[in-house]
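Below, each chain spelled out in residue letters.
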Amino acid sequence: MPALPPSGPARRLAVFALVVCVLAVVAAVVSFVSGNLIGIAWVLMAGISSNMAWFYLRRAKQERAAAEARAAAEAQATEDAPR
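**Here we look at the overall build of the chain**
Line of reasoning, step 1. Along the backbone of the chain there are 2 helices and 0 strands.
Line of reasoning, step 2. Pairs at least 24 residues apart make up 61% of the contacts formed inside the chain by residues separated by at least 6 positions.
Line of reasoning, step 3. Taken as a whole, the chain presents about 6,300 Å² of accessible surface, with 70% of it coming from carbon and sulfur.

Structure representation (structure tokens):
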């Protein structure tokens, strides 16, 4: 079983959200180091994008599991069909 779900819209969204999360963390660090309190907004954005990445990754895994279950059910139905 592969570690990553097959490519699809949910996986692409998860990767995009993860990239946004990393960029928001970098922006927060830079803001805090320069003395700006706007870094608080970057931390909040990092938290939201992290949750989005987790959600879309879980969704992609569930879609993969459902597709595998559907394929197994179809294969079982084909084997059980009278000839």
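**Observations regarding the packing of helix 1 (residues 9-33) against helix 2 (residues 39-80)**
Line of reasoning, step 1. The N-to-C vectors of helix 1 and helix 2 enclose an angle of 160°; their axes lie 7 Å apart at closest approach. In this view, helix 1 runs roughly antiparallel relative to helix 2, as classed from their interaxial angle. Judged by the sense of rotation from one axis to the other, the crossing of helix 1 with helix 2 is left-handed.
Line of reasoning, step 2. Of the residues in the contact of helix 1 with helix 2, the class split is 22 nonpolar, 4 polar and 3 charged.

**Description of a nonpolar patch on the surface**
Line of reasoning, step 1. A surface patch of nonpolar side chains, amounting to about 510 Å² of accessible area, comprises Phe-32, Leu-37, Ile-40, Val-43 and Leu-44.
Line of reasoning, step 2. At 3 residues, the largest contribution of residues to the nonpolar patch is made by helix 2.
Line of reasoning, step 3. Tracing the backbone through its elements, the reader meets Leu-44 in helix 2.

**Some words on helix 2**
Line of reasoning, step 1. For helix 2, with 42 residues, the first-to-last C-alpha span of 61 Å sits near the 62 Å given by 1.5 Å per residue.
Line of reasoning, step 2. Residues of helix 2 that are buried include every one of Gly-39, Ala-46, Ser-49, Ala-53, Tyr-56, Ala-60 and Arg-64, and no others.
Line of reasoning, step 3. Its buried side turned inward, helix 2 meets helix 1.

**A closer look at the packing of aromatic side chains**
Line of reasoning, step 1. In the structure shown here, the tally under the stated rule is 1 aromatic pair.
Line of reasoning, step 2. Geometrically, the ring pair formed by Phe-55 and Tyr-56 is edge-to-face, given 5.2 Å between the ring centres and 70° between the ring planes.
Line of reasoning, step 3. Of the residues examined, Tyr-56 reaches a relative accessible area of 17% and is grouped as buried.

**A look at the side chain of Ser-31**
Line of reasoning, step 1. Mapping Ser-31 onto the fold places it in helix 1.
Line of reasoning, step 2. The residues contacting Ser-31, other than those within four sequence positions of it, are Asn-36, Ile-38, Gly-39 and Trp-42.

**Let's talk about the side chain of Ser-49**
Line of reasoning, step 1. For Ser-49, the location among the structural elements is in helix 2.
Line of reasoning, step 2. From its side chain, Ser-49 meets the backbone nitrogen of Cys-21 in a polar contact 3.3 Å long.
Line of reasoning, step 3. In this structure the side chain of Ser-49 is engaged in a polar contact, spanning 3.1 Å, whose partner is the backbone oxygen of Ala-46.
Line of reasoning, step 4. Not counting the four nearest positions on each side in its chain, Ser-49 is found in contact with Ala-17, Val-20 and Cys-21.

Conventions we followed
Residues numbered from 1 in each chain as written. Predicted model: local features only at pLDDT ≥ 70, side-chain atom pairs only at ≥ 80, totals over all residues. Heavy atoms only, no water. Helix = DSSP H or I, 4+ residues; strand = E, 2+ residues; numbered from the N terminus. Contact = heavy atoms within 4.5 Å. Areas by Shrake-Rupley, 256 points an atom, 1.4 Å probe, with all protein chains shown as cover. Axes fitted to C-alpha atoms, helices over the stretch in contact; angles between N-to-C directions. Parallel < 35°, antiparallel > 145°, perpendicular 65-115°, else oblique. Left-handed = near helix turned anticlockwise from the far one by under 90°. Nonpolar A, V, L, I, M, F, W, Y, C, P; charged D, E, K, R; others polar. Patch = residues over 30% accessible without salt bridge, like charges linked within 9 Å, V, L, I, M, F, W, Y side chains within 5 Å. Salt bridge = Lys/Arg side-chain N within 4 Å of Asp/Glu carboxyl O. Expected span 1.5 Å × (residues − 1). Buried < 20%, exposed > 50% of the residue type's maximum accessible area, 1.4 Å probe, protein only. Phe/Tyr/Trp six-rings, centres within 6.5 Å; stacked < 30°, edge-to-face > 60°. Polar contact = N/O pair within 3.5 Å; in protein donor to acceptor, adjacent residues only side chain to side chain.

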